[in-house]
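Spelled out, the chains give:
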Amino acid sequence: MEKVSHIDYKNTDWTRFFIRHSGENTYLVEYGKERILKKNYVYQSVNMTSYRQSYYESHKQEFKDRYKIWYEQNKEQIKERRRIQYLNEEKINCPCGKVFQKRNLKKHLKTKSHIKYLN
């Protein structure tokens, strides 16, 4: 790779080269000869994980306080979500012989076994 600052733009064969930006640097790269910049890239390194754990340990009380405040502000919405979730988990016995949760009622009504029972 060759840095762009050393390239003659007018006399470069652009069918053979392309420009690659890597960080703050810009390079002119020949097609077929480009390097793979990050082959086995690890998204979360061991050091980052240990940093997150240590950060959490040092700021644990702040996290707890923030969560308590959030919970107090959204208490009613959380209770409503849990109530709806509980209602949807109610078991239904269909006359076709199947047992399913209330949340799957629409899906069950379209099944072959239910349609066969109705006919």
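Residues numbered from 1 in each chain as written. Predicted model: local features only at pLDDT ≥ 70, side-chain atom pairs only at ≥ 80, totals over all residues. Heavy atoms only, no water.

**Thoughts on the environment of Phe-100**
Logical step 1: Tracing the sequence through the fold places Phe-100 in strand β5 (residues 99-101).
Logical step 2: The class for Phe-100 is buried, based on a relative accessible area of 10%. (Helix = DSSP H or I, 4+ residues; strand = E, 2+ residues; numbered from the N terminus. Buried < 20%, exposed > 50% of the residue type's maximum accessible area, 1.4 Å probe, protein only.)

**Details of the packing of aromatic side chains**
A ring pair, where both rings are aromatic, is described by two values, the distance of the centres and the angle of the planes.
Logical step 1: In total, this model carries five aromatic pairs according to the counting rule given.
Logical step 2: An angle of 80° between the planes, with centres 6.3 Å apart, marks the rings of Tyr-55 and Phe-63 as edge-to-face.
Logical step 3: Within the aromatic cluster, the residues linked to one another by ring pairs are Tyr-51, Tyr-55, Tyr-56 and Phe-63. (Phe/Tyr/Trp six-rings, centres within 6.5 Å; stacked < 30°, edge-to-face > 60°.)

**Regarding the side chain of His-108**
Logical step 1: Summarising the element assignment, His-108 is placed in helix α4 (residues 105-109).
Logical step 2: Taking relative accessible area as the criterion, His-108 reaches 7% and is therefore assigned buried.

**As for a nonpolar patch on the surface**
Logical step 1: A grouping of Met-48, Tyr-51 and Tyr-55 is seen on the molecular surface, where their side chains present a nonpolar patch of about 310 Å² in accessible area.
Logical step 2: Relative to the elements of secondary structure, Met-48 occurs in helix α1 (residues 46-58).
Logical step 3: When its relative accessible area of 35% is taken as the criterion, Met-48 is described as partly exposed. (Patch = residues over 30% accessible without salt bridge, like charges linked within 9 Å, V, L, I, M, F, W, Y side chains within 5 Å. Areas by Shrake-Rupley, 256 points an atom, 1.4 Å probe, with all protein chains shown as cover. Salt bridge = Lys/Arg side-chain N within 4 Å of Asp/Glu carboxyl O.)

**As for the pattern of salt bridges**
Logical step 1: What the rule picks out here adds up to four salt bridges.
Logical step 2: With a closest N to O distance of 3.6 Å, Glu-57 and Lys-60 form a salt bridge.
Logical step 3: Close ionic contact of Glu-80 with Arg-83 constitutes a salt bridge, the shortest N to O distance being 2.6 Å. Remark: Arg-83 and Glu-80 occur in helix α3 (residues 75-88); sequence separation between them is three residues, near one turn of the helix.
Logical step 4: Residue Glu-80 is classed as partly exposed on the basis of its relative accessible area of 36%.
Logical step 5: Assessed through its relative accessible area of 43%, Arg-83 is described here as partly exposed.

**Digging into the pairing of strand β3 (residues 25-30)**
Logical step 1: For strand β2 (residues 17-22) and β3, the ladder comprises six bridges, and the chain directions are antiparallel. Bridge pairing links Phe-17 to Glu-30 in β3.
Logical step 2: In textbook terms, the turn of a hairpin is the stretch between consecutive antiparallel strands, and for β2 and β3 this stretch comprises two residues, one of which, Gly-23, has a positive phi near 65°. (Pairing = 2+ DSSP bridges.)

**Examining the side chain of His-114**
Logical step 1: As for its position among the elements, His-114 is in helix α5 (residues 112-118).
Logical step 2: Within the structure, His-114 has its side chain in polar contact with the side chain of His-108 (distance 3.3 Å).
Logical step 3: Each residue touching His-114, except ones within four places of it in the same chain, is listed here: Cys-94, Cys-96, His-108 and Leu-109. (Polar contact = N/O pair within 3.5 Å; in protein donor to acceptor, adjacent residues only side chain to side chain. Contact = heavy atoms within 4.5 Å.)

**A look at the packing of helix α2 (residues 60-73) against α3**
When two helices pack together, you describe them by how their axes are tilted relative to each other and by the distance separating the axes.
Logical step 1: Remark: α2 packs on α3, axes separated minimally by 4 Å, with the N-to-C direction vectors making an angle of 70°. As judged from the angle between their axes, α2 and α3 are roughly perpendicular. Counted together, Trp-70, Tyr-71, Glu-72 and Gln-73 of α2 and Lys-75, Ile-78 and Arg-82 of α3 form the full contact between these two elements.
Logical step 2: Its residues assigned to classes, the contact of α2 with α3 comprises three nonpolar, one polar and three charged. (Axes fitted to C-alpha atoms, helices over the stretch in contact; angles between N-to-C directions. Parallel < 35°, antiparallel > 145°, perpendicular 65-115°, else oblique. Nonpolar A, V, L, I, M, F, W, Y, C, P; charged D, E, K, R; others polar.)

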